[in-house]
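Breakdown of the fold
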Amino acid sequence: MTQAFQTVALLIASNIFMTLAWYAHLKMAEYPWFQKWPIIAVIVFSWGIAFFEYCLQVPANRIGFEGTGGPFSLMQLKVMQEVITMIVFILFSIIAFHMHLRWNHVLAAACLVAAVYFVFGFE
């Protein structure tokens, strides 16, 4: 696997964990047993999920960053991260919450994709 592919794969995996850490508790609140949890338990639950995000995010950045031998600048890593976050969140919200994309969501996504073009196209 190339460093670029490894970086993107790790960023996707880390974002799945990040999205679950941030938003899964909102879906789980539909279950009566979970509703009884105090907020501190929900926070610890989310931190437990976020641990795995960091276990993937840190190596992704280290493998991908040009300062440590990778192919991407710091700005490229950040913009890639934001686009991956958006894609993972959209899929999660559609699957878990049955949300529908509206025109403004698509326009926002297009702006992020344009950011990728500008970051990668002019460095």
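Look above for the structure.
Here goes a summary of the coordinates provided. Bear in mind the structure is a predicted one, so any value in this text is a computation, not a measurement.

Attention now moves to the environment of A24. Among the secondary structure elements, A24 is positioned in helix α1 (residues 3-28). Expressed as a C-alpha distance, the spacing of A24 and A108, which sit 84 residues apart in the sequence, is 23 Å.

For any two helices packed against each other, the geometry comes down to the angle between their axes and how far apart the axes lie. Direction vectors running N to C along α1 and helix α4 (residues 74-97) enclose 45°, while the axes themselves pass 9 Å from each other. By the angle between their axes, α1 is oblique relative to α4. The element α1 and its partner α4 pack so that their crossing is right-handed. Of the residues assigned to the contact of α1 with α4, the class counts are 17 nonpolar, five polar and one charged.

Our next topic: the packing of aromatic side chains. A complete count under the given rule lists 12 aromatic pairs for this structure. With a centroid separation of 6.2 Å and 70° between ring planes, the pair formed by W22 and Y23 is classed as edge-to-face. For W22, a relative accessible area of 51% puts it in the exposed group. Residue Y23 is classed as partly exposed on the basis of its relative accessible area of 28%. Arranged with centres 5.4 Å apart and planes meeting at 70°, the rings of Y117 and F118 form a pair that is edge-to-face.

The next thing to look at is the side chain of S93. Structurally, S93 is set in helix α4. Among the residues examined, S93 registers a relative accessible area of 8% and is labelled buried. Residues contacting S93, with those up to four places away along its chain left out, are H98 and M99.

Side chains bearing opposite charge may pair, as long as their charged atoms lie close to each other. With the rule as written, the count across this model stands at two salt bridges. We note a salt bridge from E82 to K78, for which the minimum N-O separation is 2.6 Å. With E82 and K78 both in helix α4, this residue pair falls four residues apart, about one helical turn. Overall, the relative accessible area of 33% leaves E82 in the partly exposed class.

The rules we used
Residues numbered from 1 in each chain as written. Predicted model: local features only at pLDDT ≥ 70, side-chain atom pairs only at ≥ 80, totals over all residues. Heavy atoms only, no water. Helix = DSSP H or I, 4+ residues; strand = E, 2+ residues; numbered from the N terminus. Axes fitted to C-alpha atoms, helices over the stretch in contact; angles between N-to-C directions. Parallel < 35°, antiparallel > 145°, perpendicular 65-115°, else oblique. Left-handed = near helix turned anticlockwise from the far one by under 90°. Nonpolar A, V, L, I, M, F, W, Y, C, P; charged D, E, K, R; others polar. Phe/Tyr/Trp six-rings, centres within 6.5 Å; stacked < 30°, edge-to-face > 60°. Buried < 20%, exposed > 50% of the residue type's maximum accessible area, 1.4 Å probe, protein only. Contact = heavy atoms within 4.5 Å. Salt bridge = Lys/Arg side-chain N within 4 Å of Asp/Glu carboxyl O.

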